[in-house]
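# Structural characterization, general
So the chains spell out like this:
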Amino acid sequence: MNTILTWYGHATLGLETGGYKLLIDPFFSGNPAASLAASQASPDFILVSHGHDDHVGDAIPIAKRCGATVICNFEIANWLEKQGIQAHAQHIGGGHQHPFGYLKLTQAMHGSALPDGSYGGNPAGFLLTTNTGKKIYMACDTGLFGDMHLIGEEGIDLAVLPIGDNFTMGPADALRAVKLLQPRHVIPVHYNTWGLIAQDPVAWATRVEAETPTKAHVLKPGGAFTIS
Ligand code: NI
Ligand code: MN
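A brief look at the structure comes next. Everything quoted here is computed from the prediction, not taken from an experiment. (Residues numbered from 1 in each chain as written. Chains lettered and ligands numbered in written order. Predicted model: local features only at pLDDT ≥ 70, side-chain atom pairs only at ≥ 80, totals over all residues. Heavy atoms only, no water.)

## Things to note about the sheet that holds strand S2 (residues 13-17)
Pairing within the open sheet is mixed, and its seven strands lie in the order S6-S5-S4-S3-S2-S1-S14. What marks the edges here is a single partner per strand, and that holds for strand S6 (87-90) and strand S14 (224-227). Strand-to-strand twist in this sheet, taken as the mean axis angle between neighbours without regard to direction, amounts to 20°. Across the sheet, helix H3 (residues 74-81) touches strand S5 (69-73) and S6, and the angle it forms with S5 is around 140°. (Pairing = 2+ DSSP bridges. Helix = DSSP H or I, 4+ residues; strand = E, 2+ residues; numbered from the N terminus. Axes fitted to C-alpha atoms, helices over the stretch in contact; angles between N-to-C directions. Contact = heavy atoms within 4.5 Å.)

## Comments concerning the coordination of the nickel ion (ligand 1)
Taken together, the protein ligands of the nickel ion (ligand 1) are His50 (NE2), His52 (ND1), His110 (NE2) and Asp141 (OD), with distances of 2.2 to 2.4 Å. Around the nickel ion (ligand 1), the four donor atoms sit at angles spanning 85 to 174°, and that spread fits a shape best called irregular. Mapping the donors of the nickel ion (ligand 1) onto the primary sequence yields the spacing H-x1-H-x57-H-x30-D. Between the nickel ion (ligand 1) and the manganese ion (ligand 2), a spacing of 3.2 Å is present, and a bridge between the two is formed by Asp141. Here His110 lies in the loop between strand S8 (101-107) and strand S9 (124-130) and His52 lies in the loop between strand S4 (45-47) and helix H1 (53-56), a separation of 58 residues in the sequence. Owing to a relative accessible area of 24%, His110 belongs among the partly exposed residues under this scheme. (Donors = N, O, S within 2.8 Å, 3.2 Å for Na, K, Ca; no water. Tetrahedral: all angles 85-135°; square planar, octahedral: opposite > 155°, others 65-115°. Buried < 20%, exposed > 50% of the residue type's maximum accessible area, 1.4 Å probe, protein only.)

## Things to note about a nonpolar patch on the surface
A cluster of nonpolar side chains, namely Phe167, Trp194 and Leu196, defines an oily patch on the protein surface of about 300 Å² accessible area. Position of Trp194 relative to the elements: it lies in the loop between strand S12 (185-189) and helix H6 (201-211). (Patch = residues over 30% accessible without salt bridge, like charges linked within 9 Å, V, L, I, M, F, W, Y side chains within 5 Å. Areas by Shrake-Rupley, 256 points an atom, 1.4 Å probe, with all protein chains shown as cover. Salt bridge = Lys/Arg side-chain N within 4 Å of Asp/Glu carboxyl O.)

## Quick look at the packing of helix H5 (residues 171-181) against H6
Axis separation between H5 and H6 bottoms out at 10 Å; the angle between their running directions is 35°. In this structure, H5 crosses over H6, and the sense of that crossing is right-handed. Residues Pro171, Ala174, Leu175, Val178 and Lys179 of H5 touch H6, and the partners they reach there are Trp204, Arg207, Val208 and Glu211. (Left-handed = near helix turned anticlockwise from the far one by under 90°.)

## A look at the sheet that holds strand S7 (residues 95-98)
One open sheet accounts for seven strands, arranged S7-S8-S9-S10-S11-S12-S13; its pairing is mixed. Every interior strand has two partners, whereas the edge strands, S7 and strand S13 (215-216), have only one. Where S9 and strand S10 (residues 135-138) come together, four bridges link them in antiparallel fashion. Within S10, the position partnered with Leu127 by the bridge is Tyr137. Strands S10, strand S11 (158-162) and S12 of the sheet are contacted by H5, whose axis makes an angle of about 155° with S11.

## What to know about the coordination of the manganese ion (ligand 2)
Looking at the manganese ion (ligand 2), one finds its protein donor set to be Asp54 (OD), His55 (NE2), Asp141 (OD) and His190 (NE2), positioned 2.1 to 2.3 Å from the metal centre. Written as a sequence motif, the donor arrangement for the manganese ion (ligand 2) is D-H-x85-D-x48-H.

## A word on the pairing of S8
Of the strand pairs in this sheet, S7 and S8 are connected by four bridges, and their pairing is antiparallel. Across the sheet, the residue bridging to Gln97 is Tyr102, located in S8. Counting the residues between successive antiparallel strands, the hairpin from S7 to S8 contains two residues. Relative to S9, S8 runs antiparallel, the two being bridged by seven bridges. Following the sheet pairing, Tyr102 is matched in S9 by Thr129.

## Topic: the nonpolar core
One finds Tyr137, Met138 and Leu161 to be the most contacted residues of the largest nonpolar core, which totals 47 residues. With five residues, the top contributor of residues to this core is H5. In this view, Met138 contacts Leu13, Leu15, Ile24, Gly125, Phe126 and Val160; residues no more than four positions away in its chain are not counted. Formed by 22 residues, the second largest nonpolar core is a distinct cluster that contains Tyr8, Ile46, Ile60 and Leu114. (Core = buried A, V, L, I, M, F, W, Y, C linked by side-chain atoms within 4.5 Å.)

## Thoughts on the state of the cysteines
In protein chemistry, a disulfide is the covalent bond that joins the sulfur atoms of two cysteines. Counting across every chain of the model gives zero disulfides. Sulfur of Cys66: no disulfide; nearest cysteine sulfur belongs to Cys72 and is 16 Å away. Among the cysteines around Cys72, which has no disulfide bond, Cys140 carries the closest sulfur, lying 12 Å off. (Disulfide = S-S within 2.5 Å.)

## Section: the packing of aromatic side chains
Two measures describe an aromatic ring pair: the distance that separates the ring centres and the angle between the ring planes. Taken as a whole, this structure holds five aromatic pairs when the rule is applied. With a centroid separation of 5.4 Å and 25° between ring planes, the pair formed by Trp7 and Tyr191 is classed as stacked. Remark: Tyr191 occurs in the loop between S12 and H6 and Trp7 occurs in strand S1 (residues 3-7); sequence separation between them is 184 residues. Of the two residues, Trp7 and Tyr191, neither departs from the other in class, the shared state being buried. Between Phe27 and Trp194, the ring centres sit 6.3 Å apart and the planes meet at 45°, which makes this aromatic pair tilted. Taken together, the residues span a long stretch of sequence, with Phe27 in the loop between strand S3 (20-24) and S4 and Trp194 in the loop between S12 and H6 at a distance of 167 residues. Given a relative accessible area of 7%, Phe27 falls into the buried group. Among the aromatic residues, those joined into a ring-pair cluster are Tyr20, Phe45 and Phe100. (Phe/Tyr/Trp six-rings, centres within 6.5 Å; stacked < 30°, edge-to-face > 60°.)

Set out below in structure tokens:
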């Protein structure tokens, strides 16, 4: 069974795996790069990596409408539950077997304040092992860190990395991240949403493929990649 990853622009991802639909960092409203309206999303689960508004985004209205469970760190889970949202709290280094696969929260070097100023705990990335054994690492918003090497030891089929610079890794550090992670495939995200994070993803992909064995795939918002 294939797993399909769709990029909806910025850092918003869809994952279809084993009949389940996941939505990661659902930022549609106010996202100039969004390829979908929040009202068109119909996930079973929503993953939120950290508290910033370009990641919490439309999680609350989508979760309310679809009855989706939000998976996130403990602090964001508490904040969501106070607003009537069903949440599953995890924390960094901790994994859990969900119906769609085994999901572990990984460290991320970033902030996590929630849109209303509430404390959002520590930011996270996600490492998903699908029920067919595929490993997908979504670094989410982070700077480069050396322990990406440890994450890479798990054997990554697909890494999703930010390349936008300014708020996260830029292209040069994201290339170093590929060298640490050694994934089979990589997809760049968190760029070209605004001028401040404008990047040339094709130039980056060319460098990745010239300097590493990893295959780099540049998606357009709405574009998908099948992990087989
Ligand atoms: Ni952020
Ligand atoms: Mn962000």
